[in-house]
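# Examining the three-dimensional arrangement
The residues making up each chain are set out below.
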Amino acid sequence: PALREKSVRLTGYLEGQLRSRTTPAWSILTPSDSAQRGAQLSIHVPRNGRAVFGELSERGVICDWREPDVIRIAPAPLYNTFEEAHSFAQLFHEAIARHCA
């Protein structure tokens, strides 16, 4: 129960950090309701998503690419922190600004 609680809080925090700077260049496909999702967010980046993914990877972020245009990020409650979720959101917004502006 404690791991699921942290998972819900961590993924929700990450979603909030991402949505704080929403632009038309991307959207979150994963349901916001924690009962309908696991510990991951699928981020739809229809234009230059592969470049955004590449920059994130180069900057040390472990995420995966799903064809045709989705970046999947999965904060793990056992070892990821809220600070790391915040850092990811900042890196993501920077990459979006560079490749999708």
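Preceding this paragraph is the structure being described.
These remarks concern the structure in this document.

Read across the sheet, 4 strands follow the order β1-β2-β4-β3 without closing on themselves; strand pairing throughout is antiparallel. The sheet is open, and its two borders are formed by β1 (27-28) and β3 (64-66), each paired with just one other strand. Of the pairings in the sheet, the one linking β1 to strand β2 (residues 41-44) comprises 2 bridges and is antiparallel in character. The residue bridging serine 27 from the neighbouring strand is histidine 44, located in β2.

Here we take up the pattern of salt bridges. Should their charged atoms come close, side chains of opposite charge can pair. In this structure the tally under the stated criterion is 8 salt bridges. Two residues, glutamate 15 and arginine 37, come together in a salt bridge whose shortest N-O distance is 2.9 Å. Of this pair, glutamate 15 sits in helix α1 (residues 2-19) while arginine 37 sits in the loop between β1 and β2; the two residues are 22 residues apart in sequence, bridging distant segments of the chain. Taking the shortest distance from any N to any O, the salt bridge between arginine 59 and glutamate 94 comes out at 2.9 Å. In this pair, arginine 59 is assigned in the loop between α2 (49-58) and β3 and glutamate 94 in helix α3 (residues 82-100), connecting sequence segments 35 residues apart. One connected set of salt bridges, linked through shared partners, spans Glu55, Arg59, Glu94 and Arg98.

About the criteria used
Residues numbered from 1 in each chain as written. Predicted model: local features only at pLDDT ≥ 70, side-chain atom pairs only at ≥ 80, totals over all residues. Heavy atoms only, no water. Pairing = 2+ DSSP bridges. Helix = DSSP H or I, 4+ residues; strand = E, 2+ residues; numbered from the N terminus. Salt bridge = Lys/Arg side-chain N within 4 Å of Asp/Glu carboxyl O.

That's the geometry; what it means functionally is another story.
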